[in-house]
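# A closer look at the structure
Take a look at the letters that make up each chain.
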Amino acid sequence: MRLQELLPAIGENSARWMLHISTDMMNIWRKDFLSQLVAENNFTLRHLQQDFYTIEFSSAVNSRDLLNTVFPRWICPIIHQWPTSPHADIFVEKAAQGLLRKFGFSWEQLEIISTTAKLKRVVVGLKGRILQLKTQAQLENLEESEPVCRAPEQQQPILAVLLDERGLFAGVVQNRMSMGSALSGGLGFLSQNNSENAQERYQSPSRAGGKIREVLALLEELKLTAKHFQNWLELGAAPGGMTQHLLDWGARVTAVDLAEMSAKVLKNPKLRHLKVHAQDVQSASGFDALLCDMNGPYQLAAKYVANLARTMASGSLVVFTLKLPDMHEACDAIAQASKLFADSQASVICTKHLFHNRQEVTIIAERN
């Protein structure tokens, strides 16, 4: 099955959203990207703390349209809001009871995110109390004669709660793709599915490793694993931050870079290192996925990737880091790269400013 066929066909509509977006990129987002979705006077933006915001539009906005403005890293509709101090002694109990009265127990997963490190203890307490109340309710209402109904596999509702010094914001999304990230960021991030093994697995050896980590997590949300994208060609691989994550994921990697790879990565038998320039690679035939995190002019890197994408089979994946000397060029640069890919029969699935992106964005495309 093709990647595009697995993506949600319809997003969620809401006039009020909480979102995580790099504060450094806020002006660029508002001027060059959000302005293409709504007029300047049709929304009210409120800065909470760190990189967290709330935004209210004059009419409902679709989550897919909002995510297509590139810079939102994580979004969730605001369905419930409680303006109060989260440091009050009775906050955890009142918040837990209020959330369960509002949302019930229909959600499958729970995420609580805080805007400051000072709220970490409150986050832990609130998460524990909500799960405790849910477990108690399930035990009291469980009837052996009737099976527990579960949502379809692609529909696993998530209760998302954002804690700020000025109060609580909460909403429900149907899956992580609707949120825009499988690894929702922010200080004090907690997940119901966290485990020591999962945390260990996602330790990034470098900032580059963090970028591919998020892409792989999104693929896993679509039930795609290394069995679907087993053989990767990586351009600009040294010293191997991304490579290590791909190998740990279970993929085979052909790493292209004139520079040396780290000794740890070279020990893996699933790695082949080609010490050549990216322009010397003439074909990506036989590869399931192409990854490029090369430094240098983005125009050249995009051309190399587009030419190689043309040689790949239908359904192959392309992950390209578009590195910009000036983020004010982002709109035009994304359009140029997207056109190059389209001319090579590679459709852009999404373009995102990932948590580990700085002056760059990541484009994910699929060979038609």
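Summarised in this report is the structure supplied together with it. (Residues numbered from 1 in each chain as written. Predicted model: local features only at pLDDT ≥ 70, side-chain atom pairs only at ≥ 80, totals over all residues. Heavy atoms only, no water.)

Further remarks concern the pattern of salt bridges. Using the criterion set out here, one finds 12 salt bridges in the structure. Here Asp164 makes a salt bridge to Arg166, at a shortest N to O gap of 3.4 Å. Through salt bridges with shared partners, a single ionic network connects Lys211, Asp293, Lys323 and Glu360. (Salt bridge = Lys/Arg side-chain N within 4 Å of Asp/Glu carboxyl O.)

On to the packing of aromatic side chains. For the structure shown, the criterion picks out five aromatic pairs. Taking the centre distance of 5.1 Å and the plane angle of 70° together, the rings of Phe33 and Phe71 count as edge-to-face. Of the two residues, Phe33 is situated in helix 2 (residues 26–33) and Phe71 in the loop between helix 3 (63–67) and strand 4 (74–77); the sequence distance between them amounts to 38 residues. Considered together, Phe33 and Phe71 belong to a single accessibility category, that of buried residues. Seen in terms of ring centroids, Trp232 and Trp249 are 6.3 Å apart; in terms of plane orientation they differ by 80°. Their pairing is edge-to-face. Taken as a pair, Trp232 in strand 10 (residues 231–235) and Trp249 in helix 9 (residues 241–249) lie far apart in primary sequence, 17 residues in all. (Phe/Tyr/Trp six-rings, centres within 6.5 Å; stacked < 30°, edge-to-face > 60°. Helix = DSSP H or I, 4+ residues; strand = E, 2+ residues; numbered from the N terminus. Buried < 20%, exposed > 50% of the residue type's maximum accessible area, 1.4 Å probe, protein only.)

Moving on, we come to the sheet that holds strand 12 (residues 271–274). Taken in spatial order, the seven strands line up as 12-11-10-13-14-16-15 in an open sheet, and their pairing is mixed. The open sheet has two edge strands, strand 12 and strand 15 (346–352), and neither has a second partner. Direction aside, the axes of adjacent strands within the sheet are offset by 20° on average. Across four bridges, the pairing between strand 11 (residues 252–256) and strand 12 is parallel. Counted as the bridge partner of Val253 is Leu271 from strand 12. In the packing of helix 9 onto the sheet, the strands contacted are strand 10, strand 11, strand 12, strand 13 (289–292) and strand 14 (317–323), and the crossing angle to strand 10 comes to about 175°. Here helix 12 (residues 330–343) sits on the sheet and contacts strand 14, strand 15 and strand 16 (360–367); the angle it forms with strand 15, its principal contact strand, is near 155°. (Pairing = 2+ DSSP bridges. Axes fitted to C-alpha atoms, helices over the stretch in contact; angles between N-to-C directions. Contact = heavy atoms within 4.5 Å.)

All quantities given are derived from atomic positions and should not be read as evidence of function.
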